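Listed here are the chains, written in short residue letters.
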Amino acid sequence: KSLQAKGRSSAPVLQLDQLQLAAVDATVQGPVTVNTRTREAKGSLQATVPGAQALVEGAAGIAQGGGTFKLRATDTSALQRWLARLRVGASPVEVPAVAGNRVQGALDLSGQWNGGWHDGGTAMQVSALLQSERLLLTGVDAARAALCAARTQRISLCQWHAGRLRAYRADR
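What you see is a predicted model; the values in this text were computed from it and never measured. (Residues numbered from 1 in each chain as written. Predicted model: local features only at pLDDT ≥ 70, side-chain atom pairs only at ≥ 80, totals over all residues. Heavy atoms only, no water.)

Counting secondary structure elements, the chain contains three helices and 12 strands. Looking at the 172 residues of the chain, the share that counts as buried comes to 27%. The contacts in the chain between residues at least 6 apart in sequence include a share of 41% that link residues at least 24 apart. Roughly 10,900 Å² of accessible area belongs to the chain as shown, and the carbon and sulfur atoms make up 55% of that amount. (Helix = DSSP H or I, 4+ residues; strand = E, 2+ residues; numbered from the N terminus. Buried < 20%, exposed > 50% of the residue type's maximum accessible area, 1.4 Å probe, protein only. Contact = heavy atoms within 4.5 Å. Areas by Shrake-Rupley, 256 points an atom, 1.4 Å probe, with all protein chains shown as cover.)

This part is about the side chain of S77. With respect to the element layout, S77 can be found in helix α1 (residues 76-85). For S77, a relative accessible area of 17% translates into the label buried. Excluding residues within four positions of it along the chain, S77 makes contact with V103 and Q104.

Moving on, we get to the pattern of salt bridges. Overall, the coordinates contain three salt bridges when judged by the stated rule. We note a salt bridge from D25 to R85, for which the minimum N-O separation is 2.7 Å. Within this pair, whereas D25 is found in the loop between β2 (13-23) and β3 (26-35), its partner R85 is found in helix α1, the two being separated by 60 residues in sequence. We classify R85 as partly exposed; its relative accessible area is 44%. With a closest N to O distance of 2.9 Å, D108 and R72 form a salt bridge. Here D108, found in strand β9 (residues 101-114), pairs with R72, found in strand β6 (residues 65-73); they are 36 residues apart in sequence, far enough to count as distant. Note on D108: relative accessible area 31%, which makes it partly exposed. (Salt bridge = Lys/Arg side-chain N within 4 Å of Asp/Glu carboxyl O.)

Core analysis: the largest hydrophobic core is formed by nine residues, namely A26, V49, A52, A73, L79, W82, L86, L107 and L130. Residues F69, W113, M124 and A128 belong to the second largest nonpolar core, which totals five residues. (Core = buried A, V, L, I, M, F, W, Y, C linked by side-chain atoms within 4.5 Å.)

The subject of this paragraph is unusual backbone geometry. Here the bond from A11 into P12 is cis, since omega is 10 degrees, no more than 30 degrees from zero. Residue position: P12 is located in the loop between β1 (2-10) and β2. Even without being glycine, V24 reaches a positive phi, approximately 50 degrees. Looking at the secondary structure, you find V24 in the loop between β2 and β3. Of the residues examined, V24 reaches a relative accessible area of 38% and is grouped as partly exposed. In the Ramachandran plot, D25 falls in the positive-phi region, its phi being about 60 degrees despite a non-glycine side chain.

Little of β1 sits out of view: just zero of its nine residues are buried. With nine bridges connecting them, β1 and β2 associate as antiparallel partners. Along β2, the bridge assignment pairs G7 with L16. Following β1, the chain reverses through two residues before pairing antiparallel with β2. (Pairing = 2+ DSSP bridges.)

Structure (structure tokens):
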């Protein structure tokens, strides 16, 4: 477990030109700027965790924000096991889309967001594309398992708005 940061602070702005964090078998690195008064942040962060790599670039704030994200999971089983070990306080981290299921395979998830995170992100819009040539989801939810058992799939998750998924499309 380590944290290395290089940058400067001029209250209320903290600008980290180099941030490197290693903990719980994960690394996060990249430049980030945080304004503690306005609770806004912007940056370009790369993360590596068991089974996956991610890149997030953009800005996030209460009323506005926008950016892009990419996730490449080469081993979703390892990623799911790693997520199961994480805790927020005393509670485990749960991913609602796979809760109670077992995931095997690989996937690419990419997308963008626009809007702020106030009111639980209800004003934020997220568009995403999930692609996989080999992904298997098994467990208690037969509908999700059938959808994800496709040999080749492309799922467009579009218009996450007001805290709800407004549309999705699955292609083989």
